[in-house]
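Spelled out from the first residue to the last, the chains are:
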Amino acid sequence: MPVIEKIAGYAKELTALRHDFHAHPEIGFEEQRTSGIVASLLEEWGLEVHRGIGQTGVVGVLKGAKGEGRTIGLRADMDALPMDEHTNLPFRSTHPGKFHGCGHDGHTTMLLGAARYLRDPGLCRNRCLHLPAGRRGAGRRKGHAGGRAVRPVPLR
């Protein structure tokens, strides 16, 4: 699959962001730093941002050029594992007992990359959900409570 030039243009920024998330892991419902970075970037890129979803989750709404209509929801978990990291990576965890060994640092970064890419030209309505405590399912349940994060749309 060919790399989209636009994404390749900010791949180094996304890699640095992922390394930063990896070095600063946060356990479920403690993702204050991570959610702050996510929300700030989404706001910088012009998305409507909702903070505190399911406690520490963030939803970024990209309103398409066609206005209201069907919505695509993309989601990623942000939480780390409660364990020590045993690697020698230059971006290894700086917090003892916390480790992004699950890939959520990468998932969060990929979703941010998707949000950045999809904002131009903004052809579809899109919600980017960055949810807390994904591994226990609690973040999804809290994040979706009351339909604030996602309202299912039947497919035709």
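Residues numbered from 1 in each chain as written. Predicted model: local features only at pLDDT ≥ 70, side-chain atom pairs only at ≥ 80, totals over all residues. Heavy atoms only, no water.

Section: the overall build of the chain
Across its full length, the chain carries five helices and four strands. Across the 156 residues of the chain, 44% fall into the buried class. Counting only contacts in the chain whose residues sit at least 6 apart along the sequence, the fraction spanning at least 24 positions is 69%. Put simply, the chain shows about 8600 Å² of open surface, and 57% of that area lies on carbon and sulfur atoms. (Helix = DSSP H or I, 4+ residues; strand = E, 2+ residues; numbered from the N terminus. Buried < 20%, exposed > 50% of the residue type's maximum accessible area, 1.4 Å probe, protein only. Contact = heavy atoms within 4.5 Å. Areas by Shrake-Rupley, 256 points an atom, 1.4 Å probe, with all protein chains shown as cover.)

Digging into the sheet that holds strand β1 (residues 48–53)
Sheet architecture is open: four strands sit in the order β1-β2-β4-β3, paired in mixed fashion. Here the strands that pair on one side only, and so sit at the sheet edges, are β1 and β3 (71–77). The mean angle between the axes of side-by-side strands here comes to 15°, regardless of whether they run parallel or antiparallel. Looking at chain direction, β1 and strand β2 (residues 57–62) are connected through five bridges and run antiparallel. (Pairing = 2+ DSSP bridges. Axes fitted to C-alpha atoms, helices over the stretch in contact; angles between N-to-C directions.)

Points about the pattern of salt bridges
Going through the model one piece at a time under the given rule, you end up with seven salt bridges. Residues K63 and E48 are paired through a salt bridge, measuring 2.8 Å at the closest nitrogen-oxygen approach. In this pair, K63 is assigned in the loop between β2 and β3 and E48 in strand β1, connecting sequence segments 15 residues apart. Among the residues examined, E48 registers a relative accessible area of 32% and is labelled partly exposed. (Salt bridge = Lys/Arg side-chain N within 4 Å of Asp/Glu carboxyl O.)

A closer look at the side chain of D77
Along the chain, D77 turns up in strand β3. Polar side-chain contacts of D77 include one of 2.5 Å to the side chain of R75. (Polar contact = N/O pair within 3.5 Å; in protein donor to acceptor, adjacent residues only side chain to side chain.)

A short note on the packing of helix α2 (residues 11–23) against helix α4 (residues 104–118)
It is the contact of α2 with α4, at a shortest axis distance of 9 Å, that shows an interaxial angle of 145°. The handedness of the crossing between α2 and α4 is right-handed. Facing E13, L14, L17, R18, F21 and H22 of α2, the residues of α4 in contact are D105, G106, T108, T109, L112, G113 and R116. When its residues are assigned to classes, the contact of α2 with α4 shows four nonpolar, five polar and four charged. (Left-handed = near helix turned anticlockwise from the far one by under 90°. Nonpolar A, V, L, I, M, F, W, Y, C, P; charged D, E, K, R; others polar.)

A closer look at the environment of Y117
Structurally, Y117 is set in helix α4. On a C-alpha basis, the gap between Y117 and K6 in space is 7.5 Å, while along the polypeptide they are 111 residues apart. The residues contacting Y117, other than those within four sequence positions of it, are I4, K6, I7 and Y10.

Comments concerning α4
The end-to-end C-alpha separation of α4 is 21 Å, in line with the 21 Å expected for 15 residues at 1.5 Å each. Every buried residue of α4 is listed here: H104, D105, G106, T108, T109, L111, L112, G113, A115 and R116. Where α4 is buried, its residues touch α2, α3 (32–44), β3 and β4 (125–131). (Expected span 1.5 Å × (residues − 1).)

Examining the packing of α2 against α3
Close contact between α2 and α3 brings their axes to 10 Å; oriented N to C, the two are set at 160°. One element, α2, and the other, α3, form an angle in the roughly antiparallel class. The two elements α2 and α3 meet at a crossing, and its hand is right-handed. Across the interface between the two elements, L17, D20 and F21 from α2 touch R33, T34, I37, V38 and L41 from α3. (Parallel < 35°, antiparallel > 145°, perpendicular 65-115°, else oblique.)

This is a description of form; function is not addressed.
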